[in-house]
Each structure stands twice: as structure tokens, then as C-alpha cells.
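# Structural overview for review
The primary structure of each chain is shown beneath.
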Amino acid sequence: MGTPQKLTKNQSLVLGILDKSEQPLSAYTILDSLRSEGLRAPLQVYRALDALVSLGNVHRLESLNAFVACSHAGCSSHSSATFIICKNCGIVAEIYDDTITSQLHQVAERAAFSLQKTTVELHGICASCQNNA
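Since the structure is predicted, the reported quantities are computational estimates derived from the model, not experimental observations.

### Comments concerning the pattern of salt bridges
Inspection of the entire model under this criterion finds 2 salt bridges. In this structure, Asp32 engages Arg35 in a salt bridge whose closest nitrogen and oxygen atoms are separated by 3.4 Å. Residue Arg35 is classed as partly exposed on the basis of its relative accessible area of 35%. In this structure, Glu62 and Arg60 form a salt bridge, with 2.4 Å as the shortest nitrogen-oxygen distance.

What follows is the structure, given as C-alpha cells:
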């Protein structure tokens, strides 16, 4: 693993908000949380998010149009990220499973497709919500 890249002030602020959140956050929710820190424009947040996604510190959940902090070190080296998302409480958990990654690569190979990176989102009901039903 190489030397960690130093984050800009805005990147650090955005990552800090996402690290503290138990829910995925939209760029505008992040902006609202950081106005007192000097962030005023959506572009400031989007630039920070783009960089953090590229560095592997943050993931974008396409189906929710929201962002979450990466839950484990070394994620930028993975070609696949999988998330479980509870439709009731909104909790999101990142899971890493070699079997899922392997199967995705096999499917891509059979289609003569060079898989670069993929994000899988599984929507359902978490154990806590199932127990409270």
C-alpha cells in the first residue's frame, strides 16, 4: 500500500460528516451540515466527494443518490463493493465477499467484458427491523 494522500480541507470536512453519519447522505445534506465551516456552493461538496470516491474513502450509492464513508481500509484496491440497504430504517452496511466478486468477474468474462469496478446494492429488511415487526 502506498503513502496515504493528504486530503484538502473540504475533503476532510466532507469525510468527517460522512464518518459520523449512520445514514447515507446526499450532497445537499452534506452542504447544509458544512455551511458553518465555510462551504457555500454545491460544487465545493461535489468536488470533494469526487476526489474521496476516487481515493476509495467514500462510496456513492446510485439507487439513493447518496454517499457513505468506506467502512474498511484498503477499499480502493477492491474492484467490487457490495452494500446491504434496509428499506425500513435506511441503515447501510458495506460487505466484502470474495465469492460475489469472483462471480461478477466470471459473468463479465463470459460476456467478453473487461470489468473495471462495480457496486452492488442489495435492498431488503435488516435483522433489527425484522425482529421489531
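### Overview of the nonpolar core
Grouped together as the largest cluster of nonpolar side chains are 18 residues, with contacts concentrated most on Val14, Leu18, Ile30, Leu34, Val45, Leu49 and Val58. Not counting chain neighbours up to four residues away, the residues in contact with Val14 comprise Ile30, Leu34, Ala48, Leu49 and Leu52. Among the nonpolar cores identified, the runner-up in size contains 6 residues, and Leu61, Val68, Ala81 and Phe83 belong to it.

### Some details on the pairing of strand β3 (residues 80-86)
The element β3 is extensively covered by neighbouring structure, given that 6 of its 7 residues are classed as buried. One ladder, built from 7 bridges, connects β3 with strand β5 (residues 118-124); its direction is parallel. Paired with Thr82 across the strands is Val120, a residue of β5. Relative to strand β4 (residues 92-95), β3 runs antiparallel, the two sharing 4 bridges.

### A look at the sheet that holds β5
Pairing is mixed in the open sheet, where 3 strands are placed in the order β4-β3-β5. With one partner strand each, in any of the chains shown, β4 and β5 form the two edges of the open sheet. The mean angle between the axes of side-by-side strands here comes to 25°, regardless of whether they run parallel or antiparallel.

### Considerations on unusual backbone geometry
The phi torsion at Asn65 lies on the positive side, around 50°, for a residue other than glycine. Looking at where Asn65 falls in the secondary structure, it is placed in the loop between β1 (58-61) and β2 (66-69). We note that Ala112 has phi near 55°; this positive angle belongs to a residue other than glycine. Assignment of secondary structure puts Ala112 in the loop between α4 (98-110) and β5. Residue classification places Ala112 among the exposed residues on the basis of a relative accessible area of 76%.

Conventions and cut-offs
Residues numbered from 1 in each chain as written. Predicted model: local features only at pLDDT ≥ 70, side-chain atom pairs only at ≥ 80, totals over all residues. Heavy atoms only, no water. Salt bridge = Lys/Arg side-chain N within 4 Å of Asp/Glu carboxyl O. Buried < 20%, exposed > 50% of the residue type's maximum accessible area, 1.4 Å probe, protein only. Core = buried A, V, L, I, M, F, W, Y, C linked by side-chain atoms within 4.5 Å. Contact = heavy atoms within 4.5 Å. Helix = DSSP H or I, 4+ residues; strand = E, 2+ residues; numbered from the N terminus. Pairing = 2+ DSSP bridges. Axes fitted to C-alpha atoms, helices over the stretch in contact; angles between N-to-C directions.

That is the geometry; function is a separate question.
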